[in-house]
Amino acid sequence: MSGLYTWIQRVAGFLILSAFLRELLPGQRFEPFLRHILGVLLILIVLQPVLAAGGLDSWLETRISRWEETWESLEDVSLAGEDWEELQWEFWKGEAVSQAEQEIRDIVEEHDLEMLDCDMKVEGEESSVQVRVRDTAHREEEAVSEAAGTAEEEIRAALSLDQVTVEVDE
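Residues numbered from 1 in each chain as written. Predicted model: local features only at pLDDT ≥ 70, side-chain atom pairs only at ≥ 80, totals over all residues. Heavy atoms only, no water.

Focus: the overall build of the protein chain
For the protein chain, the count of helices and strands is five helices and three strands. Helices and strands appear in the protein chain in the N-to-C order α-α-α-α-β-β-α-β. Taken over 170 residues, the protein chain has a buried fraction of 18%. Intrachain contacts of the protein chain at a sequence separation of at least 6 include 51% that bridge at least 24 residues. In the structure as shown, the protein chain presents an accessible area of about 13000 Å², 55% of it carried by carbon and sulfur atoms. (Helix = DSSP H or I, 4+ residues; strand = E, 2+ residues; numbered from the N terminus. Buried < 20%, exposed > 50% of the residue type's maximum accessible area, 1.4 Å probe, protein only. Contact = heavy atoms within 4.5 Å. Areas by Shrake-Rupley, 256 points an atom, 1.4 Å probe, with all protein chains shown as cover.)

Focus on a negative patch on the surface
Taken together, the side chains of Glu140, Glu141, Glu142, Glu146 and Glu170 make up a negatively charged region of the molecular surface. Note on placement: Glu142 falls in helix H5 (residues 141-159). The exposure class of Glu142 is exposed, given its relative accessible area of 67%. (Patch = residues over 30% accessible without salt bridge, like charges linked within 9 Å, V, L, I, M, F, W, Y side chains within 5 Å. Salt bridge = Lys/Arg side-chain N within 4 Å of Asp/Glu carboxyl O. Lys, Arg positive; Asp, Glu negative; His and termini not counted. Charge placed at Lys NZ, Arg CZ, Asp CG, Glu CD.)

Some remarks on the pattern of salt bridges
Oppositely charged side chains can form a pair if their charged atoms are brought close together. Per the counting criterion, the structure on display carries five salt bridges. Here Glu114 makes a salt bridge to Arg134, at a shortest N to O gap of 2.9 Å. With Glu114 in strand E1 (residues 113-123) and Arg134 in strand E2 (residues 126-135), this residue pair connects regions lying 20 residues apart in the sequence. Note on Glu114: relative accessible area 31%, which makes it partly exposed. Given a relative accessible area of 38%, Arg134 falls into the partly exposed group.

Side note on the side chain of Asp135
Inspection of the secondary structure assignment puts Asp135 in strand E2. At a separation of 3.1 Å, a polar atom in the side chain of Asp135 contacts the main-chain amide nitrogen of Ala137. Here the side chain of Asp135 touches Arg139 through a polar contact of 2.6 Å, landing on its backbone nitrogen. Among residues more than four places away in sequence, those in contact with Asp135 are Asp112, Leu113 and Val144. (Polar contact = N/O pair within 3.5 Å; in protein donor to acceptor, adjacent residues only side chain to side chain.)

As for helix H1 (residues 2-24)
Across its 23 residues, H1 extends 33 Å between first and last C-alpha, which sits within 8% of the 33 Å expected from 1.5 Å per residue. All buried positions along H1 are accounted for by Val11, Phe14 and Ser18. Along its buried surface, H1 packs onto helix H2 (31-54). (Expected span 1.5 Å × (residues − 1).)

Overview of the nonpolar core
Counting residues in hydrophobic clusters, the biggest one holds 20 residues, and the most contacted among them are Ile104, Val108, Val129, Val131 and Ile155. At the level of elements, helix H4 (81-110), E1, E2, H5 and strand E3 (163-168) are the ones that each hand at least two residues to this core. Aside from chain neighbours lying at most four places away, what touches Val129 is Ile104, Cys118, Asp119, Met120, Ile155, Leu161, Gln163, Val164 and Thr165. (Core = buried A, V, L, I, M, F, W, Y, C linked by side-chain atoms within 4.5 Å.)

As far as function goes, none of this settles anything; it's purely spatial.
Structure representation (structure tokens):
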């Protein structure tokens, strides 16, 4: 009988707590998510005696403790503020280099040249790029050099790079 009384106390306490949590929500945006999570928890609380009778409560407790251990280990792997900022900077630098390479490729292709290689270097505030290209329009060497020079100027202007070199590969 005391087991039934404890079970009723748990259900009632949970219902009061869930009503309190719903009142704390700012607006209606998160209410469906909270209702879903609270509903799953209520089902587990209501089914707890059935799970205990079937021996599944220990299985469930094992799964929950493993989840908690995993969560705690993830919290232990927290990064210091400087490390996190450095990782963010490296990510954004990589993204910027990737976008710049695509822009260089577009400029080079506008001049009927094919980009073979693009070597970008960003060190501090200085940036440079060295691009190897080849002619796709079968022009004379002078026309290809002129196209490469024009592409070099456009790349420098478009990306505000300190040093740009476009070399023609034959």
